[in-house]
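In case you want the letters, here they are:
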Amino acid sequence: MTLMAVALLAAGTYGLRLCGPVLRARTEISARTEQLLADAATVLLCALVATSALMEGQGPAGWARPAGVLAGAALAWCRAPFLVTVLGAAAVTAGLRWAGVT
């Protein structure tokens, strides 16, 4: 039964992925709709980052994690390399936690 469920989910996923290229030639999507879809993806990613940065379980995450995310965002805004951005955010979070800020 489990193998059948996995095979069914795999077929459904493949079918959905195949619909994009197949239906793209048959439908016209306006430039405005394409822009709205791109903006929706950005908003969804920002909401995920905000939820992960600010919440831990059922309560707030404290101050260290949001400060690290803010430091990472600032480094990314300044177009720092990815490794520098990640290490900078981790260093800020670790430094604040080491100093006793939760």
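Above this note sits the structure.
As a starting point, this report considers the structure included with it. (Residues numbered from 1 in each chain as written. Predicted model: local features only at pLDDT ≥ 70, side-chain atom pairs only at ≥ 80, totals over all residues. Heavy atoms only, no water.)

**Considerations on the overall build of the chain**
Selection rule: Helix and strand assignments come from DSSP, with helices taken as H or I runs of at least 4 residues and strands as E runs of at least 2, each series counted from the N terminus. C-alpha atoms define the radius of gyration, and 2.2 Å times the number of residues to the power 0.38 defines the globule rule. For every residue, the accessible area obtained with a 1.4 Å probe (protein chains only) is divided by the maximum for its type, and the residue is called buried under 20%, exposed over 50%, and partly exposed between those limits. What makes two residues a contact is simply this: any of their non-hydrogen atoms within 4.5 Å. All accessible-area figures derive from a Shrake-Rupley calculation using a 1.4 Å probe, and residue coverage is judged against the displayed protein chains alone.
Looking only at helices and strands, one finds 4 helices and 2 strands in the chain. The secondary structure elements of the chain, listed N-terminal to C-terminal, are α-α-β-β-α-α. Against the compact-globule benchmark of 13 Å for 102 residues, the chain has a radius of gyration of 21 Å, which places it well outside the compact range. For the chain, buried positions account for 11% of its 102 residues. When contacts within the chain are restricted to residue pairs at least 6 apart in sequence, those whose partners lie at least 24 apart make up 43%. With an accessible surface of roughly 8500 Å², the chain has 74% of that area assigned to carbon and sulfur atoms.

**Overview of helix H4 (residues 82-98)**
Worth spelling out the cut-off: The length a helix should cover is 1.5 Å for every residue beyond the first. Read the arc as the range of directions from the helix axis to the C-beta atoms.
Given a rise of 1.5 Å per residue, 17 residues ought to cover 24 Å, and the 24 Å separating the end C-alpha atoms of H4 matches this to within 8%. Among the residues of H4, Thr85, Gly88, Ala89 and Thr93 are the ones counted as buried. Looking straight down H4, one finds its buried side chains confined to an arc of 125°; they lie on one side. In H4, the exposed residues that point more than 90 degrees away from the buried face are Leu83, Leu87 and Trp98. Buried-residue contacts for H4 involve helix H3 (64-77). Following H4 by one or two positions, Gly100 has its phi on the positive side, about 100°.

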